[in-house]
Structures are given as C-alpha cells and as structure tokens.
Amino acid sequence: MKNGSRVSLPLRLWFGAEVFFGIAAILSITIAPEETGSNFAWTIKPTVTAAILGAFYASVAPIFVLAVFARRWEMVRVIIWPAIVFTSVELAATWIHWDKFRLDSGSFMLWYMSYLLPPPIFFALFCYQIRMQQRLAALEPMGKAVRYSLLALGLVFTAEGFYTFFRPDHITANHAFEITALTARAAAGWIVALGLMMVSMAWEGAYERARVGSPFLILPLPMILVQMLRFSDEVDWSHPRLIVMFLLFSACCLFGLLIAKGNWRNSLS
C-alpha cells in the first residue's frame, strides 16, 4: 500500500452494508417505480417522481462499491460527511411525514434502518479513522479554477437542496411534474448530497482523493433523463425549471467526468 492509512474493517463492512441498501432500493424504486404501493416505504405518485428518486439510488451505488475495494482512508474520506448529512436529512423527512409511510411493511423498516443507522455509524467511524490519517501530498492537484468552480457549484446545489427541504412548496407549487411535499424533501436530500460531495471534493483539492465520488456526479444526468423518458407523459418538457435543472446537472456531470479521468490506481491502491 502507498502512503496513507488503511480503511478499517468496520468502515469497509459498513460500506458493504450501504451497497446492500442501495441494491435493495434499485431493485424496487429504480426498476419498478410504478409499484411503490407494494415494494417501497411509501406510495409515490406520480410515478415519474418515484423514478427520479430511483435514478439517484442508481447513481450513488457505484461509489460505495468502489469504496469497499479502496485501500486507503484518504481516498474515501470524501464520501463521509456528504453521507452523514444526506442520511440525516432523509431521516428528518421520515419523521416529518411519519403518517405517510407504510409503517407495518418490511420496505419501511429497510428504509428506516438505512437512514437511522448511518449518521451515528459514519460519524463514529470518521472519528476513529482521523486518529490514524496521514497528511498526503496531492499526486494530481486540482487547479484553483477547477477547485473554486466545483466549490461554487456545490454550494448552489447545497443551498437549493436545503431551501427545498425547508420550503417544499417552492417545488410542489410549480414544477415540470406534480410532486408531493414528502417526495420533494426526499429529493432535496439527494441535491444536498450532490452539493456536499462537490464541496468535499473541492476541500480535498486533489483528483485522486475525489475520484471515488465521481460516478455520483456523472450518473444523475443520464439516469434522470432515462427515468423521465420512461414516464414522459407525466412531464411538462417545456417547463423552465426543467431547463435549469438539466443545465445544473450537466455542469455536475462535466465535473464528474473531469475528476474521473486519470489514474484510478492512485485512488484505489
């Protein structure tokens, strides 16, 4: 192993647990969003909004698969705080809309555990790992222009996500498709996660330490587009919010592609 501290076994095992949660979500809401009445924690209507949530699950899963196989803590550190904040936001949305969930279903228990457990577990493992982490020189440093642009875009996503969480009517009253307050808050958590991932990458300041998170920046644009096309009759394709959304996700995707190119061996070995 190159310089750096090892990913501890408990953290590696928890990354594996996150892969399990992700696969479970993909098998339900990503593949069959029209069946949330029987295969998910709550019934999501219209179907296109369930499909979009499913797109986010499919987009984030690869980073946890990569994290399972990464050897150095410094290369997966970029994931931790976005994951803590994201799961906390989703947990808060669950508590706010408790009466909307199918509380007696296995799907709900899986949902609930996937957001109740990660914040304290990730935080405890973060505290454990930072005691051993090493200060590493950047092998592939980001230029200032890239770093500041990534930070700015990340802050835009984060601000939009938190604003939508606290004011879901900002979305529910006027969007390219109908969306409930619960689904808006759940989607807001994903926007916050994307934003904080970019902020975390800019903070790391090195491509090799950001690369593991790059699929999460690349995949939302194509995945959301595919899912919306599946249920295109539920979408107002001329709505201005949709245009802004695709511009922002396009910028996110371009940053992801920029970060992903390079020597993956530096990030995984």
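So, a few notes on the structure that sits alongside this text. Keep in mind that this is a model prediction, so the values were computed, not measured.

1. Examining the nonpolar core
Residues Trp42, Leu217 and Met228 are the most contacted members of the largest nonpolar core, which totals 80 residues. By residue number, the principal contributor to this core is helix α3 (residues 47–69), which donates 13 residues. Not counting chain neighbours up to four residues away, the residues in contact with Leu217 comprise Leu150, Leu194, Met197, Met198, Met201, Cys252, Cys253, Phe255, Gly256 and Ile259.

2. Structural notes on the state of the cysteines
All chains considered together, the criterion is met by zero disulfides. Cys253 supplies the cysteine sulfur nearest to Cys252, a cysteine that is in no disulfide, at a spacing of 7.4 Å.

3. Comments concerning a nonpolar patch on the surface
Together, Ile23, Leu27 and Ile31 give the surface a local cluster of nonpolar side chains, amounting to about 300 Å² of exposed area. Counting through the fold element by element, Ile23 comes out in helix α1 (residues 9–30).

4. Here's the deal with unusual backbone geometry
What is expected of a backbone is that most residues other than glycine have negative phi and most peptide bonds are trans. For the bond running from Lys45 to Pro46, omega is -5°, close enough to zero to count as cis. Examined against the element boundaries, Pro46 turns out to sit in the loop between α2 (36–39) and α3.

5. Some words on the packing of aromatic side chains
Within the structure shown, the criterion is met by 26 aromatic pairs. Ring centres of Phe165 and Phe166 lie 5.4 Å apart, and the angle between their planes is 90°; this geometry places the pair in the edge-to-face category. Residue class for Phe166 comes out exposed when judged on its relative accessible area of 60%. Between the NZ or CZ atom of Arg185 and the centre of the ring of Phe165, over which it lies, the distance is 5.5 Å.

6. Remarks on helix α13 (residues 240–260)
Between its terminal C-alpha atoms α13 stretches 30 Å, which fits the 30 Å expected from 21 residues at 1.5 Å a residue. The set of residues buried in α13 consists of Leu242, Met245, Phe246, Phe249, Cys252, Cys253, Phe255, Gly256, Ile259 and Ala260. Of the residues trailing α13, Gly262 is marked for its positive phi of about 125°.

7. Side note on the environment of Val156
Structurally, Val156 can be placed in helix α7 (residues 144–166). Sequence spacing of Val156 and Ile191 is 35 residues, and the spatial spacing of their C-alpha atoms is 9.6 Å.

8. Section: the side chain of Thr183
Among the secondary structure elements, Thr183 is positioned in helix α9 (residues 181–204). The exposure class assigned to Thr183 is buried, which follows from its relative accessible area of 1%.

9. What to know about the environment of Arg230
Position of Arg230 among the secondary structure elements: in helix α12 (residues 220–230). On the accessibility criterion, Arg230 (38% relative accessible area) is partly exposed. With 183 residues separating them along the chain, Arg230 and Thr47 place their C-alpha atoms 9.7 Å apart. Setting aside anything within four residues of it in sequence, one finds Arg230 in contact with Thr30, Ile31, Pro33 and Glu34. A polar contact of 3.0 Å, which involves the side chain of Arg230, links it to the backbone oxygen of Thr30.

The rules behind each value
- Residues numbered from 1 in each chain as written.
- Predicted model: local features only at pLDDT ≥ 70, side-chain atom pairs only at ≥ 80, totals over all residues.
- Heavy atoms only, no water.
- Core = buried A, V, L, I, M, F, W, Y, C linked by side-chain atoms within 4.5 Å.
- Buried < 20%, exposed > 50% of the residue type's maximum accessible area, 1.4 Å probe, protein only.
- Helix = DSSP H or I, 4+ residues; strand = E, 2+ residues; numbered from the N terminus.
- Contact = heavy atoms within 4.5 Å.
- Disulfide = S-S within 2.5 Å.
- Patch = residues over 30% accessible without salt bridge, like charges linked within 9 Å, V, L, I, M, F, W, Y side chains within 5 Å.
- Areas by Shrake-Rupley, 256 points an atom, 1.4 Å probe, with all protein chains shown as cover.
- Salt bridge = Lys/Arg side-chain N within 4 Å of Asp/Glu carboxyl O.
- Phe/Tyr/Trp six-rings, centres within 6.5 Å; stacked < 30°, edge-to-face > 60°.
- Lys NZ or Arg CZ within 6 Å of the ring centre and 35° of its normal.
- Expected span 1.5 Å × (residues − 1).
- Polar contact = N/O pair within 3.5 Å; in protein donor to acceptor, adjacent residues only side chain to side chain.

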